[in-house]
Amino acid sequence: MLEILRRLACEVHLKICKPLLILFLSATANTEAVAQGCSPVRLDAKGGPLHDLPVFDQGPLPLCDAHSSALLIDAVRFYQNGRKTFLPITSPITLAARTADRTGFSQIEGPSIETLLEKVPKFGVCDHEHISKQLVQAIEDETCSDFQELFTSLKPGGSKTFLKKFSSCGLNRPDGAMDSVKVFSRLLKTDANAGALKKKFDEMCGSTFYKPPISFPIYNHQRSSPFVPGTLQEQQRHNSLKKSIDDALDGPMPVPPIIRYCASFLYDKDAPSGIDPTTGNLRSCKYTNSSGTVSRENHSSVIAGRRPSVDGKSCEYLIRNSYGASCDQPYSTKWQCDVTKGGLPCPAGEKCGGQIWVDEVALLRNSQDVIYVQP
């Protein structure tokens, strides 16, 4: 219709043809990104479900599924609580340890995202801050024999050397602060016994133990399927994954979708896709840093936001990573590490970071599936 009007205007008044065409093209460019589903969204903005949730640091432990699940669980609880700030914040490591032992896994990184979400209503969650305070109190009171017994039973690699370096209690309080995830990340390895951890965390959770009154098994899961690269089939795969992300972000109660992906492209924009087209699933993807160390394999994170790209032709998504609230990671210079708090300047005294804007094409060509729960 606009094109017909433009042609009529050109025929009747040639002088207004060029300005009208420019106006038409400008309006088209401005609405192109929005039409593609790229209207700006920040779940970490004030009043959003991620605003008061921390950017976790999983350390060397392979607990990205637990960290992603904990954020999604708390985002849903945000709406259950009437869109109000709440405590407790779910501890990812207790979520992993307690669920692992109760579902037959011997290692704390065993449960998948699906298992963590399905079992939460039955097994419950524990307050991250409470666990941190319990650790600090135990160290300050030097009531550490049970902790030494725990670490001995877990047989974490390198822990004996670590224990000898510090106080008789085996731990001291670094920099005047203690974070439970960082402490256990420092001390425990992937062979940590889930049963021993579950028992200890059950004791430490105490009265702060909480069971969400929601049926988390009702979740949305968009899994990739086999495809032929460079064909319409691959574009359809891209569109279905994108739709699931956007559905989670655009709902009446928007939540952060969890995306399982190959993280190599975060550090090398030219890294080959980590998706096997014959299955549509993640294959082994690795990133080799400047020192020759291979790391950053298959990963999961939540999506905290969306915005149009600079040229307006596609979307960019905000990945909330689980490597701490900083931009110290060797991310590719093509991506923008976000140092704001919900899009606003970082408040004085706070450390902002740990989230990175990436292009949707690069993200989705490395993504296996999208999972989210609608409150």
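Our subject in this report is the structure included herewith.

Cut-offs and rules
- The written sequence of each chain sets the order in which its residues are numbered from 1.
- The model is predicted, so local features are restricted to residues of pLDDT at least 70 and side-chain atom pairs to those at 80 or more, both for listing and for counting; the totals for chains, interfaces and linings are taken over all residues.
- The side-chain quantities take in all heavy atoms of the structure and omit both hydrogens and water.
- Here a helix means four or more residues in a row that DSSP labels H or I, a strand means two or more in a row labelled E, and each is numbered from the N terminus.
- In protein, a polar contact means a hydrogen-donor-capable atom and an acceptor-capable atom, both N or O and within 3.5 Å, with residues adjacent in sequence counting only if both atoms are side-chain atoms; elsewhere, any N or O pair within 3.5 Å suffices.
- Contacts were defined at the residue level, with two residues in contact if any of their heavy atoms lie within 4.5 Å.
- Cysteine sulfur atoms are paired as a disulfide whenever they come within 2.5 Å of each other.
- Burial classification: accessible surface area is computed with a 1.4 Å probe over protein chains only, and a residue below 20% of its type maximum counts as buried, one above 50% as exposed, and the rest as partly exposed.
- Take the number of residues in a helix, subtract one, and multiply by 1.5 Å to get its expected span.
- Remark: nonpolar core denotes a set of buried residues (Ala, Val, Leu, Ile, Met, Phe, Trp, Tyr, Cys) joined through side-chain atoms within 4.5 Å.
- Pairing between two strands requires that DSSP report at least two bridges joining them.

Take the side chain of H51 next. With respect to the helices and strands, H51 occurs in the loop between β1 (41–42) and α3 (64–80). Within the structure, H51 has its side chain in polar contact with the backbone oxygen of D44 (distance 3.0 Å). Beyond its immediate sequence surroundings of up to four residues, H51 is in contact with L43, D44, A45, K46 and K341.

Before going further, it helps to spend a moment on the state of the cysteines. Within this structure, the stated rule accounts for 5 disulfides. The disulfide partner of C262 is C285, and the S-S distance across this bridge is 2.3 Å. Classification of the bridge connecting C262 and C285 rests on its S-S torsion, roughly 135°, and on that basis the disulfide is right-handed. Taken together, the positions of C262 in strand β3 (residues 258–262) and C285 in the loop between α12 (264–267) and β4 (287–288) put the pair 23 residues apart, joining distant regions of the chain. Assigned by exposure class, C262 and C285 land together as buried. With a sulfur-sulfur separation of 2.1 Å, C327 is cross-linked through a disulfide to C337. Taking the torsion about the sulfur-sulfur bond, which here is approximately -90°, the covalent link between C327 and C337 counts as left-handed.

So, about helix α10 (residues 194–205). For α10, which comprises 12 residues, the first-to-last C-alpha distance of 16 Å matches the rise-based estimate of 16 Å (1.5 Å per residue) to within 8%. One or two residues past the end of α10 sits G206, with phi positive at roughly 55°.

In terms of nonpolar packing, the biggest core is built from 68 residues, with F265, L266 and I319 touching the most fellow members. The element best represented in this core is α3, accounting for 8 residues. Setting aside residues up to four positions removed in sequence, F265 forms contacts with A271, I319, S332, W335, V358, A362, L363 and N366. If you look at the next biggest cluster of nonpolar residues, it comprises 5 residues, including F227, C262, L282 and C285.

Counting buried residues along β3, 5 of its 5 residues qualify, which places the element largely inside the surrounding structure. Residues of β3 alternate between two faces, with I258, R260 and C262 on one and I259 and Y261 on the opposite face, all of them buried. Strand direction decides the pairing type here: β3 and strand β6 (residues 298–308), joined by 5 bridges, are antiparallel. What sits directly across from I258, in β6, is V302. Inspection of the sheet shows β3 paired to strand β10 (residues 367–372) by 4 bridges, in the antiparallel sense. Looking at β10, one finds that R260 is bridged to D369.

Keep in mind that these numbers describe shape and distance, not what the molecule does.
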